[in-house]
Amino acid sequence: QSTWGLSLHRRRASAPTLLDMSEAGVGSREPDPTMLLAIHEMQERFWPPYALWANDEASCPALATILYAADKDALRDRVATALWEGYKLLFVMASNVAESEIIGKVLRRAHWCDKRAVRFGLIVNKAEYQASSARLARIVDAHLSRLGVPQFSVVVMRAEAELDSKAAHRAALLKRWGYFEGLVGRQAVQIGCLGFHVVDMRSLVESARVRPALEIVYDMLPSTVSRFTHKAVFCATHGIQLLNLQMSHRPYEIGLADSGHVQTAVQTISERRGLDPEDVIIRWLLQLGVHVCLHSGVTSAQLISHRSVFRFSLTPLEMFELTTVAHRRHHHHHHHA
């Protein structure tokens, strides 16, 4: 298997299925987020350790970042910092070919870095390949040549607006996905999706030649976790890994303004343990089995400081508190309304 690959582990034959979990308890509008903790417990017991992108903990999901900056000097600094700090998964945007050239130059000069251990992902919008497999392949080649790497570990297809007809939408989805399937082997080890509905991922699992290896979600936080339970169970059931893209460089501040009880729970843990609140949330995600990608807005200093998430772990009680606090608070108010 390629050293550039997303080494996606399959469950052992003896492992119990998650299908019962995926079909039960997630049909309601607000599924119980404790389902995520159950998934994590099963992963720990029956799945081999993660071997995607080596971090300080071999069994911990990856801490990644998107390489983007307003100016060339800032981008060079962020790339060098990410490499020096040991970030093993770096995402680039298909629209920014010039930036891949800058990144490639930094990578070639980083003689202290084990380049074979660094993986790259590419995120693609429809407008960038205009529904053409040949155009998509040319864009991917342009990035690979500038980065100086043989393959992308994963090329990600961003979700698009649904068509009025479900049948037409499904047909268009499978056609576009077919363009990405053509990348697997020579240009990409695996392909993934970003912001897909579960129904669309189900269509790919049932009908596509190549299944998605990765689904990227936005801003999965203790205050929003209930919205992701159905998708997380589906992904765990079908061997699709989750990556949370923090759409702000201050993840702690997202979604917490109207969730004081969640903020209090995070703050209590951070103060008791002497930890940064943002690192508490990132570590919570990693321990749920979710990869985390820091947004391009993070500074080099934050790239350095967030590496501390591999120097502590949350207790089972803290994991339960963070995963269920918003859900329990909502039901408490609903019960007493």
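Because the structure is a prediction, the values reported are computed rather than measured. (Residues numbered from 1 in each chain as written. Predicted model: local features only at pLDDT ≥ 70, side-chain atom pairs only at ≥ 80, totals over all residues. Heavy atoms only, no water.)

Enquirer: When you look at the overall build of the protein chain in this model, what are you seeing that I'm missing?
Expert: Helix and strand counts for the protein chain come out as 13 helices and eight strands. Long-range pairs, those at least 24 residues apart, make up 79% of the contacts in the protein chain with a sequence separation of at least 6. Accessible surface for the protein chain amounts to roughly 15200 Å². Of this, 53% is attributable to carbon and sulfur atoms. (Helix = DSSP H or I, 4+ residues; strand = E, 2+ residues; numbered from the N terminus. Contact = heavy atoms within 4.5 Å. Areas by Shrake-Rupley, 256 points an atom, 1.4 Å probe, with all protein chains shown as cover.)

Enquirer: What's the story with the sheet that holds strand β8 (residues 291-294) in this structure? I'm lost.
Expert: The pairing of strands in a sheet happens through backbone hydrogen bonds and is either parallel or antiparallel. On the basis of which strands lie adjacent, the closed barrel formed by eight strands has the order β1-β2-β3-β4-β5-β6-β7-β8 and parallel pairing. Each strand axis lies, on average, 25° off the axis of its neighbour in the sheet, ignoring direction. (Pairing = 2+ DSSP bridges. Axes fitted to C-alpha atoms, helices over the stretch in contact; angles between N-to-C directions.)

Enquirer: Where do I start with the packing of helix α7 (residues 166-181) against helix α8 (residues 198-207) in this structure?
Expert: When two helices pack together, their arrangement is given by the angle between their axes and by how far apart the axes lie. Between α7 and α8, the shortest axis-to-axis distance is 10 Å and the interhelical angle comes to 60°. In this view, α7 runs oblique relative to α8, as classed from their interaxial angle. Crossing of α7 over α8 shows right-handed handedness. Of the residues in α8, those touching α7 at His169, Arg170, Leu173, Leu174 and Trp177 are Asp200, Ser203, Leu204, Glu206 and Ser207. (Parallel < 35°, antiparallel > 145°, perpendicular 65-115°, else oblique. Left-handed = near helix turned anticlockwise from the far one by under 90°.)

Enquirer: Explain helix α9 (residues 229-237) here, please?
Expert: Within α9, eight of the nine residues are buried, which leaves it mostly tucked inside the rest of the structure. Downstream of α9 by one or two residues, Gly239 has phi in the positive range, about 70°. (Buried < 20%, exposed > 50% of the residue type's maximum accessible area, 1.4 Å probe, protein only.)

Enquirer: Just to check I follow, could you spell out the pattern of salt bridges for this structure?
Expert: Oppositely charged side chains can form a pair if their charged atoms are brought close together. Within the structure shown, the criterion is met by eight salt bridges. Glu101 is paired through a salt bridge with Arg146; the nearest N and O atoms lie 3.9 Å apart. Here Arg146 lies in helix α6 (residues 133-147) and Glu101 lies in helix α4 (residues 97-109), a separation of 45 residues in the sequence. Ionic pairing is found between Asp141 and Arg186, a salt bridge with its closest N-O pair at 3.3 Å. Pair noted here: Asp141 is in helix α6 and Arg186 is in the loop between α7 and β5 (188-194), with a separation of 45 residues, a long-range link. (Salt bridge = Lys/Arg side-chain N within 4 Å of Asp/Glu carboxyl O.)

Enquirer: Would you mind showing me how to read the pairing of strand β1 (residues 63-66) here?
Expert: The side chains of a regular strand alternate between both faces of the sheet. With burial as the criterion, each face of β1 is covered, one bearing Leu63 and Thr65 and the other bearing Ala64 and Ile66. Sheet analysis places β1 next to β8, joined by three bridges and oriented parallel. When the sheet's bridge partners are listed, Leu63 is paired in β8 with Val292. For β1 and strand β2 (residues 89-93), the ladder comprises two bridges, and the chain directions are parallel. By the bridge assignment for β2, Thr65 is matched with Leu90. In the classification by handedness, the crossover that spans β1, the intervening helix α3 (residues 72-84) and the parallel β2 is right-handed. (Right-handed = clockwise from strand over helix to strand, strands pointing away.)

Enquirer: I'm lost on the confidence of the model for the protein chain in this one. Help?
Expert: A low pLDDT means the predicted coordinates there should not be read in detail. Per-residue confidence for the protein chain averages 78 on the pLDDT scale, and 77% of its residues sit at or above 70. Here residues 1-29 is a poorly scored stretch, pLDDT under 50, and it has 73 contacts once near neighbours within four places are set aside; other chains count. This stretch, residues 46-58, has a pLDDT under 50; its non-local contacts, to residues over four places away or in other chains, come to 48 contacts. (pLDDT = per-residue confidence, 0-100.)

Enquirer: Would you take a moment to explain unusual backbone geometry for this structure?
Expert: Backbone phi values are negative for most residues with the exception of glycine, while trans is the configuration of most peptide bonds. At Asp219, a position not held by glycine, the phi torsion is positive, near 50°. Considering the arrangement of structural elements, one finds Asp219 in the loop between β6 (214-218) and α9. Given the relative accessible area of 14%, Asp219 is considered buried.

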